[in-house]
Amino acid sequence: MRRLRRIIVMVLALALVAGAVYAIVAVLQRSETLVSERCVAVVGSASFELATDQTANTALITAVAVRRGLPPRAASIALATAMQESRLRNINYGDEAGPDSRGLFQQRPSQGWGTEAQVMDPTYAANAFYDGLVKIPGYESMEITQAAQAVQRSAFPRAYAQHEPMGRAFASALTGHSEAALDCELRMPEAAGDPAAVVDELTTAFGTQVAGVDGRSVRLEVTGPQAWAVAHWAVANAKALSITQVDAAGRTWNREQRKGWTDSAAASDGVTITVSAPTT
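All values reported here derive from a predicted model rather than from experimental measurement. (Residues numbered from 1 in each chain as written. Predicted model: local features only at pLDDT ≥ 70, side-chain atom pairs only at ≥ 80, totals over all residues. Heavy atoms only, no water.)

> Any chance you could break down the packing of helix α3 (residues 72–86) against helix α5 (residues 122–133) for me, citing the residues and the numbers?
Relative orientation of the contacting elements α3 and α5 amounts to 120°, with a least axis distance of 11 Å. Judged on the interaxial angle alone, α5 and α3 are oblique. In this structure, the crossing between α3 and α5 has a hand that is right-handed. When α3 is examined against α5, the residues A74, A75, I77, A78 and T81 are found in contact with a partner set consisting of F129, Y130 and L133. (Axes fitted to C-alpha atoms, helices over the stretch in contact; angles between N-to-C directions. Helix = DSSP H or I, 4+ residues; strand = E, 2+ residues; numbered from the N terminus. Parallel < 35°, antiparallel > 145°, perpendicular 65-115°, else oblique. Left-handed = near helix turned anticlockwise from the far one by under 90°. Contact = heavy atoms within 4.5 Å.)

Okay, structure coming up:
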């Protein structure tokens, strides 16, 4: 009898431990802290991953190209260049070869790129790079190393080539030439989003946009590649702007579901960007 009681106690103890483990695992699986935030561009069979801050910078650099009416190749060159120069981060320091180099493209005030404040402004820096690029005859058909070097005059010109596949993938998505090609996996926002801030950032990136605000949503009447350029830009900036959903061309990106772009009842034209609601 005593042995049976010990067995029963052991079984109950094991059951309690198993239940506790199950509960802990369930909580951890639901925990936002376990979400590894990242963004991925998929074009064809190739995929490339960047951190969320890097992706936001790729979106701005590419949006400037779209705004200027430049071909996707220009954005590919710019992204590969910025990846090599700064890892697509707006850094405020240089290196031994260029101690006054600053910003996404490590542009040097001492070489006429602008003031330090200007080259630290990502929009200014991207425009300055494209200003140099478009002066190069036939840059569209050049190897990225040749085109980038003609603008940057780097001490390591061949280094740009290693970033060409990444540059092409993100440029293809962010110029809108590849549909539903950019996805960001993010934790849920901790603060409410501001539709007016979305409109302001869109204007900075793409220029003045015809955008209507309805509650927590921003609606843009754009179609074709422009629609996907805006939609992918919104996903790339979802973390900073507390964007929770983007609808475009019958597809939806939902931050909470974390399933990438899925078919939906979204309108076949235009783009709708929705931000998070205030917490209660």
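> An account of the nonpolar core is requested, with residue identities and associated values reported.
In terms of nonpolar packing, the biggest core is built from 72 residues, with I61, Y130, L133, W233, I243 and I273 touching the most fellow members. For this core, the leading source of residues is helix α9 (residues 224–236), giving 9 residues. (Core = buried A, V, L, I, M, F, W, Y, C linked by side-chain atoms within 4.5 Å. Buried < 20%, exposed > 50% of the residue type's maximum accessible area, 1.4 Å probe, protein only.)

> Describe the packing of aromatic side chains, naming the residues involved and giving the relevant values.
The tally for this structure, following the rule as stated, stands at 4 aromatic pairs. Relative to Y130, the ring of F129 lies with its centre 6.0 Å away and its plane at 70°, an arrangement referred to as edge-to-face. Aromatic rings pair up to connect F105, F129 and Y130 into one cluster. (Phe/Tyr/Trp six-rings, centres within 6.5 Å; stacked < 30°, edge-to-face > 60°.)

> Quick rundown of the pattern of salt bridges? Include the residues and the values.
Counting across every chain of the model gives 13 salt bridges. Note that E49 and R38 form a salt bridge whose closest N and O atoms lie 3.0 Å from each other. Pair noted here: E49 is in strand β2 (residues 46–50) and R38 is in strand β1 (residues 38–43), with a separation of 11 residues, a long-range link. What makes R38 partly exposed here is its relative accessible area of 32%. With a shortest N-O distance of 3.2 Å, R251 and D263 are connected by a salt bridge. Of the two residues, R251 sits in strand β7 (residues 251–254) while D263 sits in strand β8 (residues 261–263), which places them 12 residues apart along the sequence. With relative accessibility at 24%, the residue R251 sits in the partly exposed group. A relative accessible area of 66% means that D263 is categorised as exposed. Connected through shared salt-bridge partners, E37, R187 and K239 make up one network. (Salt bridge = Lys/Arg side-chain N within 4 Å of Asp/Glu carboxyl O.)

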